[in-house]
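# Chains, contacts and geometry: an overview
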Amino acid sequence: PGFPSIKPYLESSSSAVNMMGIALFTKSFLNTKEHLPILNKVLTGAIVTIGIVTIGMATKQPIWLFFTLILSFGLMMLFLTTGIASYIKKVPSSQYYVLAYSFSIIGVLTLLAVYAGKLEPNTFISTYPTHIGYGLELLFFSFALANKINVLKSQNESQKEQIIDQLREADQLQKNINKELEIKVEERTRSIKDEKEKSEALLLNILPKPTVQELKQNGKAKPRFHPDVTMMMTDFAGFTALSSTLDPELLVNELDDLFHHFDDITEKYNLEKIKTIGDA
């Protein structure tokens, strides 16, 4: 029996809750926190205001009905403004949001026009404009969500391709690094081999070959007893005085020629040259 008296409050409360849902949907769908930070704060304040008005409706005071009407109209304009601003900023799927919300606004404005006497009332135009507007709004919101899913899918595919390209680049970079390391290792190995050959050549220049082999294998050489050995030490007499009068290049050439003859003799008679020091 008391339903007619509470009907306006129930309708206004349900409308307020509906507006709260749309505000939350708008913040999430249009990502206002990133794209429209100022309007995002306004929407957050609107949600709090809706909550306060909804609580006030429980008191059944007529003043809250007036607040609800004012709030509903203000929220309609806020949502439409947010949608248009998002469309200007080219937020994905914002065009569907603007189109969808326009239908509900047209429905509400049509009903207000009837109440204001601007349109001749009849059963259809007095009852169904908002229903049709909200229905079309939900229909185009579903289109908006479908479009948003497609956009996200396309972005995910693009990001996946970028990740694959980055992995390929990283793999190629790793291959290049490995190749450079291989080249450096080969160069270092070759350098060590060259140094080893130089060191061995130096040892052969001052030690007998069997002794060098023994040093390489064991790190030391055992002394050996030879019962019959002849050792000759040679020196060019007057070399110091001679070196002060000859041109350095001529002097070195003369020494080089003489040492070659000594090398030929040692090779011919299977002798071992122990070492060369200056002219000795």
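Here the structure is shown first, and the text comes after it.
Notes on the structure follow.

The rules behind these values
Residues numbered from 1 in each chain as written. Predicted model: local features only at pLDDT ≥ 70, side-chain atom pairs only at ≥ 80, totals over all residues. Heavy atoms only, no water. Helix = DSSP H or I, 4+ residues; strand = E, 2+ residues; numbered from the N terminus. Rg over C-alpha atoms; globule rule 2.2 N^0.38 Å. Buried < 20%, exposed > 50% of the residue type's maximum accessible area, 1.4 Å probe, protein only. Contact = heavy atoms within 4.5 Å. Phe/Tyr/Trp six-rings, centres within 6.5 Å; stacked < 30°, edge-to-face > 60°. Lys NZ or Arg CZ within 6 Å of the ring centre and 35° of its normal. Salt bridge = Lys/Arg side-chain N within 4 Å of Asp/Glu carboxyl O. Expected span 1.5 Å × (residues − 1). Arc of directions from axis to C-beta. Polar contact = N/O pair within 3.5 Å; in protein donor to acceptor, adjacent residues only side chain to side chain.

The next point concerns the overall build of the protein chain. Looking only at helices and strands, the protein chain features 10 helices and zero strands. For the protein chain, the α and β elements follow one another from N to C terminus as α-α-α-α-α-α-α-α-α-α. Computed over its C-alpha atoms, the radius of gyration of the protein chain comes to 50 Å, more than 25% above the 19 Å expected for a compact globule of 280 residues. Looking at the 280 residues of the protein chain, the share that counts as buried comes to 23%. Pairs at least 24 residues apart make up 62% of the contacts formed inside the protein chain by residues separated by at least 6 positions.

This part is about unusual backbone geometry. Positive phi is not limited to glycine here, since S93 has a value of about 70 degrees. Mapped onto the elements of the fold, S93 is located in the loop between helix 4 (62-88) and helix 5 (94-115). At N270, a residue that is not glycine, the phi angle is positive and equals roughly 55 degrees. Along the chain, N270 falls in the segment after helix 10 (248-268).

Inspection of every chain in the model, using the stated rule, returns nine aromatic pairs. Judged by centre distance (6.3 Å) and plane angle (10 degrees), the rings of Y97 and Y101 are stacked. You can see Y97 and its partner Y101 sitting in helix 5, four residues apart, about one turn around the helix. A relative accessible area of 0% places Y97 in the buried class. Judged by centre distance (6.3 Å) and plane angle (45 degrees), the rings of F236 and F259 are tilted. With a gap of 23 residues between them, F236 in the loop between helix 8 (209-218) and helix 9 (239-243) and F259 in helix 10 connect regions that are remote in the sequence. Given a relative accessible area of 23%, F236 falls into the partly exposed group. Three or more aromatic residues joined by ring pairs form one cluster here, namely F25, F29, F79, Y97, Y101 and F141. A cation sits over an aromatic face here: K148 above F29, 4.5 Å from the ring centre.

So, on to the pattern of salt bridges. Inspection of every chain in the model, using the stated rule, returns five salt bridges. Residues E157 and K160 are paired through a salt bridge, measuring 3.8 Å at the closest nitrogen-oxygen approach. A residue pair is termed a helical-turn pair when its members lie 3 or 4 positions apart in one helix, as E157 and K160 do in helix 7 (residues 129-206) at three residues.

The end-to-end C-alpha distance of helix 10, which contains 21 residues, comes to 30 Å, matching closely the 30 Å that a straight helix rising 1.5 Å per residue would cover. Residues L251, L255 and T266 constitute the buried set of helix 10. An end-on view of helix 10 places all buried positions within 45 degrees of arc, on one side of the element. Exposed side of helix 10, more than 90 degrees from the buried face: E249, E267 and K268 are the residues found there. Where helix 10 begins, the side chain of D247 points an oxygen toward the backbone nitrogen of E249, at a separation of 3.2 Å. Looking one or two residues past helix 10, N270 carries a phi angle of roughly 55 degrees, positive in sign.

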